[in-house]
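Results of the structural survey
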Amino acid sequence: MTDYKDTLNLPQTDFPMKANLPAREPEILKQWEDIGLYAKLREVGRDREKFVLHDGPPYANGEIHIGHAVNKVLKDIIVKAKTLSGFDAPYVPGWDCHGLPIELMVEKKIGKAGVAVDAKTFRKACRDYALEQVHKQRDDFKRLGITGDWEHPYLTMDFKFEADIVRALGRVIEHGHLYKGFKPVHWCTDCGSALAEAEVEHEDKSSPAIDVSFEIRDKSALSKAFGVSLPADATVYTVIWTTTPWTLPANQAVCVHPEFDYALVKTNIGYLILSAELDTSPQYVRSSPTGGKPHVTEIQIPPKYVSLLQRYNLDNQGEVGRCNGSSLENLLVQHPFYERIVPIICGEHVTLEAGTGLVHTAPGHCQDDYVVGMRYGLPVDNPVGGDGIFLPSTELFAGEHVMKANDHVIEVLKQNGKLLYEEKITHSYPHCWRHKTPIIFRATPQWFISMEQNGLRNAALVEIQKTQWLPEWGQARIEGMVVGRPDWCISRQRTWGVPIALFVHKETAAPHPDTKHLIEQVAQRIEEHGIDAWFELDAKELLGEDAAHYEKVNDTLDVWFDSGVTHACVLEQRADLNGVPADLYLEGSDQHRGWFQSSLLTAVAMHGTAPYKSVLTHGFAVDAKGQKMSKSKGNVVAPQKVINSLGADILRLWVASTDYRGEMNVSDEILKRTADSYRRLRNTARFLLANLNDFDPRIDSVSHDKLLMLDRWVMATTQALQSKIITAYDTYEFHKIYQELHNFCVSDLGGFYLDVIKDRQYTMRQNSGARRSAQTAIYCVLGAMVRWFAPILSFTAEEILRHMPGERASSVFLQTWQEFPDNYFNEPIGNNMILEYWEYIRAVREAVGKELEKLRVAGKIGSSLDAEVDLYCDADLYEELERLKDELRYVFITSYARIHPAAQRPSHAESVAEFADRLWIVATPSAHAKCIRCWHHREDVGADPEYPEICMRCVINITGPGEERHYA
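Report on the accompanying structure. (Residues numbered from 1 in each chain as written. Predicted model: local features only at pLDDT ≥ 70, side-chain atom pairs only at ≥ 80, totals over all residues. Heavy atoms only, no water.)

What to know about unusual backbone geometry
- Cis geometry is adopted by the peptide bond preceding P471, which originates at L470 and carries an omega value of -5°.
- Its location among the elements puts P471 in the loop between β17 (468–470) and α12 (473–484).
- Cis geometry marks the peptide bond from V580 to P581; its omega dihedral reads 5°.
- Among the structural elements, P581 can be located in the loop between α17 (566–571) and β23 (582–588). (Helix = DSSP H or I, 4+ residues; strand = E, 2+ residues; numbered from the N terminus.)

Structural notes on the packing of helix α27 (residues 834–857) against helix α28 (residues 875–882)
- Taken N-terminus to C-terminus, the directions of α27 and α28 make an angle of 105°; their axes are 11 Å apart at the nearest point. It follows from the interaxial angle that α27 and α28 lie roughly perpendicular. Of α28, the residues touching α27 (which contributes Y837, Y840, I841 and V844) are L877, E880 and L881.
- Grouping the amino acids of the contact of α27 with α28 by side-chain chemistry returns six nonpolar, no polar and one charged. (Axes fitted to C-alpha atoms, helices over the stretch in contact; angles between N-to-C directions. Parallel < 35°, antiparallel > 145°, perpendicular 65-115°, else oblique. Contact = heavy atoms within 4.5 Å. Nonpolar A, V, L, I, M, F, W, Y, C, P; charged D, E, K, R; others polar.)

Details of the nonpolar core
- Formed by 219 residues in total, the largest nonpolar core has its most connected members in F561, W654, F734, Y753, W838 and L871.
- Here this core gets 13 residues from one element, more than from any other, and that element is helix α24 (residues 734–763).
- Discounting chain neighbours no more than four positions away, the residues touching F734 are L74, I77, I78, A656, Y660 and Y729.
- I240, A253, I344 and A405 belong to the second-largest nonpolar core, a separate cluster that totals 53 residues. (Core = buried A, V, L, I, M, F, W, Y, C linked by side-chain atoms within 4.5 Å. Buried < 20%, exposed > 50% of the residue type's maximum accessible area, 1.4 Å probe, protein only.)

Some points on the pattern of salt bridges
- One pass over the structure, following the stated rule, counts 61 salt bridges.
- Between D128 and K124 there is a salt bridge, with the nearest N and O atoms lying 2.9 Å from each other. Here the residue D128 and the residue K124 both occupy positions in helix α5 (residues 119–143), the gap between them amounting to four residues, near one helical turn.
- Overall, D128 belongs to the partly exposed group, its relative accessible area being 40%.
- For the salt bridge of R698 with E807, the shortest nitrogen-to-oxygen distance reads 3.8 Å. Placement of the pair is R698 in helix α22 (residues 697–700) and E807 in the loop between α26 (794–803) and β27 (828–829), with a sequence separation of 109 residues. Each member of the pair R698 and E807 is classed as exposed. (Salt bridge = Lys/Arg side-chain N within 4 Å of Asp/Glu carboxyl O.)

A short note on the layout of surface pockets
- When its volume is computed, the second largest pocket comes out at roughly 1300 Å³.
- Mapped by element, the contributors of at least two residues to the lining of the second largest pocket are β4 (178–188), β6 (200–216), β7 (236–242), β14 (358–361), α9 (367–376), β15 (419–432), β16 (440–449) and β18 (488–489).
- In terms of residue class, the lining of the second largest pocket is built from 21 nonpolar, 17 polar and eight charged. (1 Å grid on protein atoms, 1.4 Å probe; cavity = no way out; pocket = protein on both sides within 12 Å on 5 of 7 lines; lining within 4 Å. Points joined across faces, edges and corners; volume = space filled by probe spheres on them.)

Brief notes about the environment of L461
- With respect to the helices, strands and loops of the structure, L461 is situated in helix α11 (residues 456–466).
- For the pair L461 and E132, spaced 329 residues apart in sequence, the C-alpha separation works out to 39 Å.

Notes on the sheet that holds β18
- Read across the sheet, four strands follow the order β5-β4-β16-β18 without closing on themselves; strand pairing throughout is antiparallel. Of all the strands in the sheet, just β5 (193–194) and β18 have a single pairing partner and so form its edges. (Pairing = 2+ DSSP bridges.)

Quick look at the structure:
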């Protein structure tokens, strides 16, 4: 038997089947560095329209985790896609560098500031530590394939940046939004500092829940309120419920809802004032039998006080009177263990969800209490120090830690006969996000940005409406937070932070009247020497004789202010960016209460507009079961491990293939499946490259009018798909891109086009028109695909480009989307367009395939080329199939494919359900000899005595020139 292998055009490429990404990706990173890719991108985009995605700064502490990887990869995909769309899309990464976590790490190394070392030495150690963390994280981000200005990132601890933070504060002050107040704030006793809203997490906590009685002092006023006459020796109590007994020393009032009904109920221990509203607790609510919304049927709901008295194990001797809450206003009651007399006040925040309908009120320990307390002029008493210990002046509880004082408070209440009930409950309670310990609410002198003063809240809500929120629910989320948030406490009592660079009057605490000018002078000094310039500044240097009356503020700014003003310190300062607003902010869903909000509030406070046009939110990475990742559970997926084992492109593909709008499931098994999908994409690209091994696009490309019909179809399909992919990139729906790419490679290419053209590619003469037609189409398809891949599979796309024939850019990212003339390839064929026509043909091919499978299962054929098919069609279908003539057999990959009028169908012809009464198929094993070169069974095998083992088509293709046998 003659070996015809050397006469075939077998595929050949140096592009390896095995990706070996962990080893190959660093080589590509070096290539990008060697050519100065980021600088080249800026050069290419100099005259283009800008698109600026502003980077929210990660904190410069610790290794990056999977959440960091998700965030940075999503940003990188967008920036690269915008570059391919013809924008100049700079990306300036940044880091948040001040704050407590860095202080804590430095304390472990060198001790506390002001104790083990002086503050200046401590700040330098913090700066050095933060810079070390920045370098480590930067290396990891670069290893992920993130393209950005890594040589010139923004750091909130750069001297110029610190100075601009101070200048931003000055602009906020200039517009009248800053004030100093004594009010309750989130306070971490471990941090020894106030916390921002975004530094607070809610976790379950076990607390004592107690019901406490406050004795009424003015019984005559009480009798008037209820319209009753009480015995002279009657004792009357209001009853409150609380889960923070330690706050009772600071109690200044009992609060009722002005519109709720309250009952005066006689019991065996005296009269109690309790809620008379209907009790809708679960024991009184009967669920709908259909499983719908719970509703009450066939039972009479008693007043709330009935279940309360049962809880207290007291006799219910009847309701004596009833009034609404407003009638109780200003009645006086006795504090349960101090001699203090406190009033009953009214507040809309009182609810019936838990408790008695009367609320213990301590303005020094609760925001709601503070607000209502200010309305009534109540004292803001805070007997608790920054370490969480009651001050020495605190009667009964001096020196005790608040969390440990609960038991003592309860014991005192018992001794005084004021404790009606106690139990342990588990409830959601605020915790410090760093220490994971319960926090307290504690009134302290702090600096606040007012939400109401000069209309900041309303202005921010207007700007929210103007912003595009993706997904749309982000708008409602941040609106709710802005509507309900208290004033922003921006002061911290820390060493490593940007100072609130104010001089305040020693007696009145009012800022110096020349604050605007002074802030700029301070900023200039900080720009030259860093924040030490403020802490070492002698007030006389700037104030002269006024220094005797003013003192420096030594509080530092909340780090959320640092990152919140990056619009002023980065977007407005860098010439390579486009100013404010940025086109896009992109962060995790927790940033509606963090960076999205701090950026919004500072920008509106400074210049009246939002700092962004659009805001995109992504979900959190969780394990395969949807559980939060933690080292203790052993379900953490470290990006470094994935990169070292599978490669960064696998991680990038997982990010892109997951719908980031919700939680993003990730595990070793999920990543393994992602790697399998990657191999399908890679091997498709490899097959295309292998069939271009002898193709020079400048010489061998075939003009459109000479392209064969199937090749025009695949180019039309590629053109249509590119439109979908660009739209998906523009709308940030990357999982759709993954789905489209996977389907294209598996179905359109692997399952059809590439399968059909193998015969043409391998068996026809190397330089034949039909073969070059296919190669022209393949080159076009691959040119489009490498760009589609690039934002997601950045390393792989670059590797593919290296192996493509012809002239090419030094990087795939220096190109734009492949250009296609509008509908150039989607031409009419008969009554259909080419895309519709081939969908029609593929449906017939699928029906033929089912019949061939029957023969294969029966053992009558091996490959489909061992078979012949006869199709019996109605007139319309006959006309469509007849266009392909003898090429139909190549589409079906059979040795013969014949079409006949439906009237000629034999009785044993199989009807095709999808083509009811239009198509019948007869598939039979071929009786002809098999050509050992092309494997077709043909009647002319051996017709040429010099080539007795091959068909005449192969003879011509070997010996040419001669007749060319074309494909569809």
